[in-house]
Amino acid sequence: MIVQDGLRRMLKDQRDVFYYLTLLNENYAHPAMPEGAEKGILRGMHRIREAGARTKGPRVQLLGSGAILREVMAAADLLLEDYGVHADVWSVTSFTALRRDGIEADRWNRLHPTEEPRASYVEQQLGDGGGPVIAATDYMRAFADGIRAWVPGRYEVLGTDGFGRSDYRVQLRRFFEVDRHHVTASALAALAREGAIDPAIAAAAITRYDIDPEAIPPWQR
């Protein structure tokens, strides 16, 4: 979708723009493209799993990019199976595009104070979702944190802040706290902060997943 859009804009429409794709060196099967996801893919995010509007009980919004999206999807399974927490899962194709859209919406609102305010694409997508929002990527936290201004409610960001390391992927994701267990624990902690679940449940998950709450942060090791 992104390559086709770039070719259309650059060659057919003769626009002075550039496109880039970040490629990873991990082979895995991508989830099927949901029906009607084309617009979201190009604008920066689209939902690949929906909890359902009538779902009862605690609910969270999980955002993932690249290979870490699979960890986010696995976390959604853990949340539902082990804790009864329902999650909408979003594939973020570009936090950069989402941030630019948010800045443009803010600028338009600033320059048109007498008109109906415009909502950013992030607000449009997450506004009715319900629950805290958790983002996990293979990048530094500042990357996903760039859309914080437009995320409704509590927003927790997981990323790979710290020095470069060589190890197996599963070990690196564990070290940088972006694997499925850390995403799950983060979602439960956010729900506990909002009073949606008992804080003891979040604490028990940290123990269950063998997460050391007193460990030195990865960016200091």
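For the structure itself, consult the block above.
Residues numbered from 1 in each chain as written. Predicted model: local features only at pLDDT ≥ 70, side-chain atom pairs only at ≥ 80, totals over all residues. Heavy atoms only, no water.

1. Here's the deal with the overall build of the protein
And then number 1: Per the secondary structure count, the protein includes nine helices and five strands.
And then number 2: Ordered by position from the N terminus, the helices and strands of the protein form the series α-α-β-β-α-β-α-α-β-α-β-α-α-α.
And then number 3: What you see for the protein is a C-alpha radius of gyration of 18 Å, in line with the 17 Å of a compact globule of 221 residues.
And then number 4: Its C-alpha atoms give the protein principal-axis dimensions of about 55 × 45 × 35 Å.
And then number 5: Within the protein, contacts between residues at least 6 apart in sequence are counted, and of these 66% link residues at least 24 apart.
And then number 6: Element-wise, carbon and sulfur atoms account for 50% of the exposed surface of the protein, whose accessible area totals about 13,000 Å².
And then number 7: Each charge class in the protein was averaged separately, 28 positive and 31 negative side chains, and the resulting centres sit 3 Å apart. (Helix = DSSP H or I, 4+ residues; strand = E, 2+ residues; numbered from the N terminus. Rg over C-alpha atoms; globule rule 2.2 N^0.38 Å. Contact = heavy atoms within 4.5 Å. Areas by Shrake-Rupley, 256 points an atom, 1.4 Å probe, with all protein chains shown as cover. Lys, Arg positive; Asp, Glu negative; His and termini not counted. Charge placed at Lys NZ, Arg CZ, Asp CG, Glu CD.)

2. As for the sheet that holds strand 5 (residues 155-158)
And then number 1: A sheet is described by the order of its strands in space; here five strands give the open sequence 1-3-2-4-5, paired in mixed fashion. Edge positions in the sheet fall to strand 1 (45-49) and strand 5, since each of these pairs with one other strand and no more. Along the sheet, successive strands turn relative to each other by an average axial angle of 25°, direction set aside.
And then number 2: Here strand 2 (residues 59-64) pairs with strand 4 (residues 133-136) via four bridges, running parallel. Opposite L63, over in strand 4, you have A135 as the bridge partner. (Pairing = 2+ DSSP bridges. Axes fitted to C-alpha atoms, helices over the stretch in contact; angles between N-to-C directions.)

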